[in-house]
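Letter by letter, the chains look like this.
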Amino acid sequence: MHLDFKVGACRISYTSKPGGFTVSALVQLIGRGLARLLASGFRLPVRRLSIDRQDAKMRGSAMEEQSTILFLAANPESTNRLALGEEARDIEQRLVAAKHRDAFNFKTRWAVQPGDLQEALLRDQPVIVHFSGHGGGQAGIVLHGAKQGEEKLVSADALRTLFSVLKDKIRVVVLNTCYSQVQAIAIAEVIDFVVGMKEPVGDRAARTFAAAFYQGLGFGRTVKESFDLGCAAIELEGLADSDVPVLHVRRGAHAELTVLATGSVGQLPLRTRVRRL
């Protein structure tokens, strides 16, 4: 039997002995063919792939999961007016200007009632929950009631129970309200990091703290560093409330090591960085 084939510019011929091709004969044929191809300078054609850098960057960003910051605002008509809209705007502007702006998704909810809390946490799956409004100390934080202008207080025990059930991805809770220390301590039993206010805090100081805190997170700083930046920003503005915010840390968590900005170079997103000893 005679076998003849051509690859590129090389022709390979082989005539078998009586009885047909054997396995060893086929192996010899393949080896001979490869040797002649290489000797002839034959090269397999290779297609060059052109990748648009901007397109690749956009695809990478789309695949990277964002961390949701859920801003919950409550300012019933019966309470003093607060600049909650300005606070939300300040936070968003700082995040947009941050190095890791694509790591966060900022969502707002207004005139929040107690019944809105569960739905918001279930739907938005936040990593950070931010309350902004009034606080009533031991009585709880002030939300909107079902009736127009009505206030509704939510106790520390109720908030602890809520977050114990729906903590899911939540790593940080910020209670940017006066006298929220009691609620912060209770929530810190089930959430890693909780910011509360131990005394009344001025509207401007609260806004300043929040903007600087999220700016720090957006630039890849740890939770502790971001908290300290928030307090420092109050001092830089010449305000007297820099010692009012308090960071509560759940046992076993490490605010000085935890970075929340996904994509931070050399850092583990949503986990703790490893510190060399």
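Each value, and the rule that gives it
Residues numbered from 1 in each chain as written. Predicted model: local features only at pLDDT ≥ 70, side-chain atom pairs only at ≥ 80, totals over all residues. Heavy atoms only, no water. Buried < 20%, exposed > 50% of the residue type's maximum accessible area, 1.4 Å probe, protein only. Helix = DSSP H or I, 4+ residues; strand = E, 2+ residues; numbered from the N terminus. Arc of directions from axis to C-beta. Contact = heavy atoms within 4.5 Å. Core = buried A, V, L, I, M, F, W, Y, C linked by side-chain atoms within 4.5 Å. Pairing = 2+ DSSP bridges. Axes fitted to C-alpha atoms, helices over the stretch in contact; angles between N-to-C directions.

Draft legend 1. Molecular detail of helix α4 (residues 114–124). Residues of α4 that are buried include every one of Leu 117, Ala 120, Leu 121 and Asp 124, and no others. Buried residues of α4, seen end-on, are gathered within an arc of 95° and therefore sit on one face of the element. Exposed and oriented more than 90 degrees from the buried face of α4 are Gly 115 and Arg 123. In this structure, the buried residues of α4 make contact with β3 (67–74), β4 (104–109), β5 (128–133), β6 (141–144) and α5 (156–166).

Draft legend 2. Geometry of the nonpolar core. Phe 104, Ile 128 and Tyr 214 are the most contacted members of the largest nonpolar core, which totals 37 residues. Where this core is concerned, the elements lending two or more residues are β3, α3 (84–96), β4, β8 (172–176), β9 (193–197), α7 (203–218) and α8 (223–236). When residues of this core are assigned to their parent elements, the largest contribution, seven residues, is made by α7. Contacts of Tyr 214, omitting those with residues within four sequence positions, involve Ile 69, Ile 91, Leu 95, Ile 128, His 130 and Val 174. Within the second largest apolar cluster, 25 residues are counted, among which are Ala 120, Val 129, Phe 131 and Leu 143.

Draft legend 3. Spotlight on the sheet that holds β5. Strand order in the open sheet formed by six strands is β4-β3-β5-β8-β9-β10, with mixed pairing between adjacent strands. Edge positions in the sheet fall to β4 and β10 (245–249), since each of these pairs with one other strand and no more. The average angle at which neighbouring strand axes cross in this sheet is 15°, direction not considered. Where β3 lies against β4, six bridges are found, and the strand directions are parallel. The partner of Phe 71 across the bridge, within β4, is Thr 108.

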